[in-house]
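# Coordinate inspection notes
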Amino acid sequence: MLTLALPKGRLAEETALLLLSKGWLKTLPSEGSKELTFVSEDKRLRLLFVRSQDVCTYVEEAAADAGIVGWDILKEGGFDLIAPVDLKLGACRLSLASFPDFDLFAKRSKVRVATKYPNLTREYFFSKGISCEIIKLYGSIELAPIVGLSDCIVDLVSTGGTLKANGLKEFESILYSTARFVCNRSSFYHKHTELRSLIESLEN
């Protein structure tokens, strides 16, 4: 049996539908269920439903053989995982945003940036030769420049609707992100046949 860690929410639902279409599931997990695990009828697959930020940890620590995670989270954490398949699900982009009159190069001192992606943000600013002060937030990132907590933000953008609703403008995309199928390195060796079969299903 393969154990697959899925991020709770919409991406888990889309992945479950994909697995159903590929024959790896016969039925879907019950909608609204509070259960954190689900085993397929043929016992080939066990699903774990975890926070998106925790998927890589479950897989890297071998609590799961594989998982589904956004490229943004994978790059931010620098996890030692194999990522053989881009599922093309959950497309979004990590972008720099602020008020329309924001000038990235105007400040003489450090730019104050609110984000939940400190590593990718620091890497982006340093690549431009700009010093930055990272303000780590976990939600409602758009609020930070509105209340003067930061000069700008680096956050995930899908449609841009939330930015527009709060008077903010997207200036530059830093990273394009889609959901990736990732594998634990040991599992990839010891369960190669099963994982290879699942990977081939997802690729076709």
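Shown above is the structure to which this text applies.
On a predicted model such as this, the values are computed, not experimentally measured, just so you know. (Residues numbered from 1 in each chain as written. Predicted model: local features only at pLDDT ≥ 70, side-chain atom pairs only at ≥ 80, totals over all residues. Heavy atoms only, no water.)

## Focus: the layout of surface pockets
- Counted as a void, the largest pocket has a volume near 860 Å³.
- Along the walls of the largest pocket sit 32 residues, with Ser52, Asp72, Ile73, Tyr117 and Leu156 positioned nearest its centre.
- Among the secondary structure elements, those contributing two or more residues to the lining of the largest pocket are helix H1 (10-21), strand S4 (66-70), helix H3 (71-77) and strand S9 (152-157).
- A total of four residues in the lining of the largest pocket trace back to one element, the largest contributor, which is H3.
- If you trace the second largest pocket, you find 18 residues lining it, with Glu13, Pro29, Ser30, Glu31 and Phe49 closest to the centre.
- Elements supplying a minimum of two residues to the lining of the second largest pocket: H1 and strand S2 (37-39).
- For the lining of the second largest pocket, the element with the highest residue contribution is H1, accounting for four residues.
- Its residues placed into classes, the lining of the second largest pocket shows eight nonpolar, five polar and five charged. (1 Å grid on protein atoms, 1.4 Å probe; cavity = no way out; pocket = protein on both sides within 12 Å on 5 of 7 lines; lining within 4 Å. Points joined across faces, edges and corners; volume = space filled by probe spheres on them. Helix = DSSP H or I, 4+ residues; strand = E, 2+ residues; numbered from the N terminus. Nonpolar A, V, L, I, M, F, W, Y, C, P; charged D, E, K, R; others polar.)

## Topic: helix H4 (residues 118-127)
- Among the residues of H4, Pro118, Leu120, Thr121, Tyr124 and Phe125 are the ones counted as buried. Viewed end-on, H4 has its buried residues packed into an arc of 165 degrees, placing them on one side of the element. Of the exposed residues in H4, those oriented more than 90 degrees away from the buried face are Glu123, Phe126 and Ser127.
- Buried residues in H4 make contact with H3, strand S6 (92-98), strand S7 (111-115), strand S8 (132-136), S9 and strand S10 (169-177).
- Immediately downstream of H4, the backbone of Gly129 shows phi near 75 degrees, a positive value. (Buried < 20%, exposed > 50% of the residue type's maximum accessible area, 1.4 Å probe, protein only. Arc of directions from axis to C-beta. Contact = heavy atoms within 4.5 Å.)

## Side note on the state of the cysteines
- For the structure shown, the criterion picks out zero disulfides.
- In this model Cys56 remains outside any disulfide bridge; the closest cysteine sulfur is found in Cys183, 12 Å from its own.
- The structure places no disulfide on Cys152, whose sulfur is separated from the nearest cysteine sulfur, that of Cys132, by 8.5 Å.
- On the basis of relative accessible area, Cys152 is assigned to the buried category, the value being 0%. (Disulfide = S-S within 2.5 Å.)

Everything listed here is a matter of geometry and, on its own, says nothing about what the molecule does.
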